[in-house]
Amino acid sequence: MVHYHRYHQLRKVAESIKDEESQNPVLDCSSSGYYKKTRPKLLSFLFLITFLSCCYVLAPLFLGPSFTLSLLYSPGTENDDNQDGVDVNASTCSSVSSGTICCDRSGYRSDICVMKGDIRTHTASSSIFLYNSRSLNNVSRTVEGKKGEENQILQHEKIRPYTRKWETSVMDTIDELNLISKKVNLGNVHGCDVQHDVPAVFFSNGGYTGNVYHEFNDGIIPLYITSQHFKKKVVFVILEYHNWWIMKYGDILSHLSDFPAINFRGDNRTHCFPEAIVGLRIHDELTVDSSLMEGNKSIVDFRNLLDKAYWPRIKGLIQDEEKKAQEKLRQQISLSPSSEASQQKYIKQGVQENPLKRPKLVILSRSGSRAITNENLLVKMAEEIGFKVKVLKPDRTTEMAKIYRVLNASDVMIGVHGAAMTHFLFLRPGSVFIQVVPLGTTWAAETYYGEPAKKLGLKYIGYEIQPRESSLYERYDRNDPVLRDPRSITKKGWEYTKKIYLDSQNVILDLRRFKKRLHRAYEYTVSKSNMNLQHQPQ
């Protein structure tokens, strides 16, 4: 289930800020009354400026030239240009000197901290230490002074490395890390059990992990955004590590890192790194903003990575199917000998993908709430139009490569709004994505899947159902706001949206109305296929 209700809070906060700004009084300096009242203050202000200017000019004569330089290069003004609406994640902490910690807390989706130097993990205290060794051989210092400098904490930051920063109830469940910079005598601290010569990225797999939308939106895509520039020379250190998650997304992880992931809680050894990023950068819903990426990487590049990640496994699946088909053929030949060559050709055609066949349509089927109750009639209608139809019903145990194989080979995907729509990422750019939008889910369907699908280059069609196409039509009066004005209900809060529109609603498609969308998708797909054939070399 997509937890989109709390996102409205962010929008309300932004709107309230705008309202407050619009209420700030603007003084009209052309007003004679204002001029008369402020004239004495203006003269005083000019006198003060003149006095300070004289001090600034004469100060070097008395205090030395360093005074002037300290004014010119005063710290704290370097990042003022980040207030112009540009995502500060792209610039803040992009250049960190060795021995320091830089934390960017300006984003409202996540915090990011960058550390460079002698970095060491300490699981027992939920800490990552950055050690600074200083020479203590100055003869003028006393022994007591030297002891005081040892183990001195220079900086202490706390961070929960998860990408739903605004959602307090969830963030409270995320393990917190201590990032501590210390001045130490290295002879008195525990050495490295494992020395890494590549950077680390620390992140949490807590929160909503277990829901495919959140696994991609809050985890996998931000991990790509944060780590892809390391070109696989990076180690992932995971808080709230899950073996099933590693198994599920191992194909993708292997294309982001050359090294096995580390279970922060389950590995008590001291791991040492030259650099660390704690937390993940996130741009927007299920997307990558190319303007914030090194090399202008986009969501299409992420999708290309998925292709590279899953194709080796898909080829293995095809080979397994061919072997099973050949074994079945041998059994048939032993019972009734026939033309083996023709049967072998049939096997190849049955197992491998053939782009010249009818357009392929995949229906992502749901069970429970938001199911299409007349799905069998939808299948029949789509086949009559000319589609080759496959009904796919993925669950948490379905292998991702198998889902990717089906959708990557399809031309059109149909599904009802819900977390499974995240699989539009598996469609090839140029494919058609038809999202059935139940009552009360219009904003979420467009925000979380419609807009991101367009950014991937898909032909997106949002089919908003009418009250008669909802199972709620049988439970509520026709004039009830639940049917007539769903927005007034969703404004009451998440619990209303969830209880009424997400958990208690199914869809009965008006097939005559929906048929228009299917015809449009079919004509678009056939036309695109014909154009591709025309451009193929003879």
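Residues numbered from 1 in each chain as written. Predicted model: local features only at pLDDT ≥ 70, side-chain atom pairs only at ≥ 80, totals over all residues. Heavy atoms only, no water.

What follows deals with the state of the cysteines. A full pass over the atoms with the stated rule returns three disulfides. A disulfide bridge connects cysteine 103 with cysteine 113, and the sulfur atoms are separated by 2.0 Å. What sets the handedness of the cysteine 103 and cysteine 113 disulfide is the S-S torsion sign, and at about 110° it is right-handed. Of this pair, cysteine 103 sits in strand 1 (residues 100-104) while cysteine 113 sits in strand 2 (residues 112-122), and the two are ten residues apart along the sequence. Residue cysteine 103 is classed as partly exposed on the basis of its relative accessible area, which comes to 21%. (Disulfide = S-S within 2.5 Å. Helix = DSSP H or I, 4+ residues; strand = E, 2+ residues; numbered from the N terminus. Buried < 20%, exposed > 50% of the residue type's maximum accessible area, 1.4 Å probe, protein only.)

Now for the sheet that holds strand 13 (residues 412-416). One open sheet accounts for five strands, arranged 12-11-13-14-15; its pairing is parallel. Two strands close off the open sheet at either side, each with one partner strand: strand 12 (388-392) and strand 15 (459-464). Each adjacent strand pair in this sheet contributes to an overall mean axis angle of 20°, direction not counted. Here strand 11 (residues 360-364) runs beside strand 13; their pairing, made up of four bridges, is parallel. Across the sheet, the residue bridging to leucine 364 is glycine 415, located in strand 13. The sheet strands contacting helix 11 (residues 400-408) are strand 11, strand 12 and strand 13, and the helix crosses strand 12 at an angle near 155°. (Pairing = 2+ DSSP bridges. Axes fitted to C-alpha atoms, helices over the stretch in contact; angles between N-to-C directions. Contact = heavy atoms within 4.5 Å.)

A separate point is the confidence of the model for the protein chain. With 75% of its residues at a pLDDT of 70 or more, the protein chain has an overall mean of 82. In the model, residues 54-90 has pLDDT below 50 throughout and makes 17 contacts with residues more than four positions away in sequence or in other chains. (pLDDT = per-residue confidence, 0-100.)

Where helix 8 (residues 299-335) meets helix 11, the closest approach of the two axes is 9 Å, and the angle between their N-to-C directions is 100°. Classified by the angle between their axes, helix 8 and helix 11 sit roughly perpendicular to one another. Between helix 8 and helix 11, the contacting residues are Arg303, Leu306, Asp307, Tyr310, Trp311, Arg313, Ile314, Leu317, Ile318 and Glu321 on the first element and Met400, Ala401, Lys402, Tyr404, Arg405 and Asn408 on the second. Split by residue class, the contact of helix 8 with helix 11 holds nine nonpolar, one polar and six charged. (Parallel < 35°, antiparallel > 145°, perpendicular 65-115°, else oblique. Nonpolar A, V, L, I, M, F, W, Y, C, P; charged D, E, K, R; others polar.)

Summed over all chains, the structure comprises 19 aromatic pairs. Feature note: the residues Phe203, Phe216, Phe236, Trp245, Tyr249, Tyr310, Tyr404 and Phe426 constitute an aromatic cluster, connected by ring pairs. Stacked on the ring of tyrosine 524, the Lys or Arg lysine 459 has its end atom at 5.8 Å from the ring centre. Sitting over the face of the ring of tyrosine 496, lysine 492 holds its NZ or CZ atom 5.5 Å from the ring centroid. (Phe/Tyr/Trp six-rings, centres within 6.5 Å; stacked < 30°, edge-to-face > 60°. Lys NZ or Arg CZ within 6 Å of the ring centre and 35° of its normal.)

What follows covers helix 8. Here helix 8 is 37 residues long and its end C-alpha atoms lie 53 Å apart, about the 54 Å a rise of 1.5 Å per residue gives. The sharpest bend along helix 8 measures roughly 35° and falls at tyrosine 310, with the proline proline 312 sitting one to four residues further on. (Expected span 1.5 Å × (residues − 1). Bend = angle between axes of the 7 residues up to and from the residue.)

Take the nonpolar core next. Phe216, Ile252, Phe302, Phe424, Leu425, Phe426 and Phe433 are the most contacted members of the largest nonpolar core, which has 60 residues in total. In this view, leucine 425 contacts Phe216, Ile221, Leu286, Ile299, Phe302, Arg303, Leu306 and Leu456; residues no more than four positions away in its chain are not counted. By size, the runner-up hydrophobic cluster in this structure holds 33 residues, among which are Leu361, Ile363, Ile434 and Tyr473. (Core = buried A, V, L, I, M, F, W, Y, C linked by side-chain atoms within 4.5 Å.)

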